[in-house]
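Below, each chain spelled out in residue letters.
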Amino acid sequence: MKGDITFSIIKPNAVRTGKSGPILAMINEAGFEIAGMRMIKMTQEQAESFYEVHRERPFYRDLVDFMISGPVVVMILRHENAVDEFRKLIGATDPAKAEPGTIRKIFAVSVQMNAVHGSDSDENALREAGFFFSEIDRF
Ligand code: CMP
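So, here is what we can say about the structure in this document. One numbering rule holds for all chains: residues counted from 1, following each sequence as written. Thresholds applied to this predicted model are a pLDDT of at least 70 for local features of residues and 80 or more for the giving and counting of side-chain atom pairs; totals over whole chains, interfaces and linings are not thresholded and use all residues. Side-chain calculation: all heavy atoms of the structure are included, whereas hydrogens and water are not.

### Considering the side chain of Ser 119
Short version of the rule: Secondary structure counts use DSSP, requiring at least four H or I residues in a row for a helix and at least two E residues in a row for a strand, with both numbered from the N terminus. Pairs of N or O atoms are called polar contacts if they sit within 3.5 Å, as long as, within protein, a hydrogen donor faces a hydrogen acceptor (for residues adjacent in sequence, only side-chain-to-side-chain pairs). When checking whether two residues touch, look at their non-hydrogen atoms; a contact exists if any pair is within 4.5 Å.
Mapped onto the fold, Ser 119 is located in the loop between β4 (116–118) and α7 (122–132). Side-chain polar atoms of Ser 119 contact the side chain of Glu 128, separated by 2.7 Å. Setting aside its immediate chain neighbours within four residues, Ser 119 contacts Thr 6, Phe 7, Val 83, Arg 87, Asn 124, Ala 125 and Glu 128.

Laid out in structure tokens, this is it:
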């Protein structure tokens, strides 16, 4: 059975330019329930560990530097089939390839500064949520 939880980050460029509100509105309008939410500034260690799977990629260092460049909004989102439904809402990683009307198509400025992160599997959703939330922060 598909899980009902996904994990998302509103990235520093989107927070810095005042897009958190409009992005949250789209998330709510699409029927996602916010089950946990905090604004944080990631440490280098947190960002390195969060993006561990990309460690060997050429963009890894820049990605870590970018993700610690300012505050981010981390969220646990609830919806039926949450991982797939949220990925549809945000669109492709590369905003040039994202469908019209998706969050990345509207708010991303590049592949790196693509406005939001969304988990790519149920397993990663739980792992990623566990990075920033304990049971008592979840509703
Ligand atoms: P995200 O969904 O947070 O997962 C990994 C991130 O790496 C991705 O969004 C992008 O921000 C970044 N990323 C992926 N591919 C590239 C790339 N080719 N060049 C730069 N950044 C990338």
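### Regarding the site of the ligand
Using the following cut-off: Here a residue counts as near a molecule or strand whenever at least one of its heavy atoms sits within 4 Å of it. Accessible areas in this description were obtained via Shrake-Rupley with a 1.4 Å probe; residue shielding takes into account the shown protein chains only. A 1.4 Å probe that fits into a set of points on a 1 Å grid over the protein atoms alone but cannot get out defines a cavity; an open set with protein on both sides within 12 Å along at least five of seven lines defines a pocket, and lining residues are those with an atom within 4 Å of a point. Criterion for pocket placement: a molecule counts as inside a cavity or pocket if more than half of its atoms are within 2 Å of its grid points.
As a matter of local geometry, the ligand sits amid Lys 11, Tyr 51, His 54, Phe 59, Leu 63, Thr 93, Arg 104, Val 111, Gln 112, Asn 114 and His 117. Between Val 111 and the ligand, the recorded distance is 3.2 Å, taken from a backbone N or O atom to an oxygen atom. His 117 has a polar side-chain atom sitting 3.0 Å from an oxygen atom of the ligand. Contact with the protein chains hides 76% of the accessible area of the ligand, taken as 450 Å² for the molecule alone. One can see that the ligand is located within the largest pocket.

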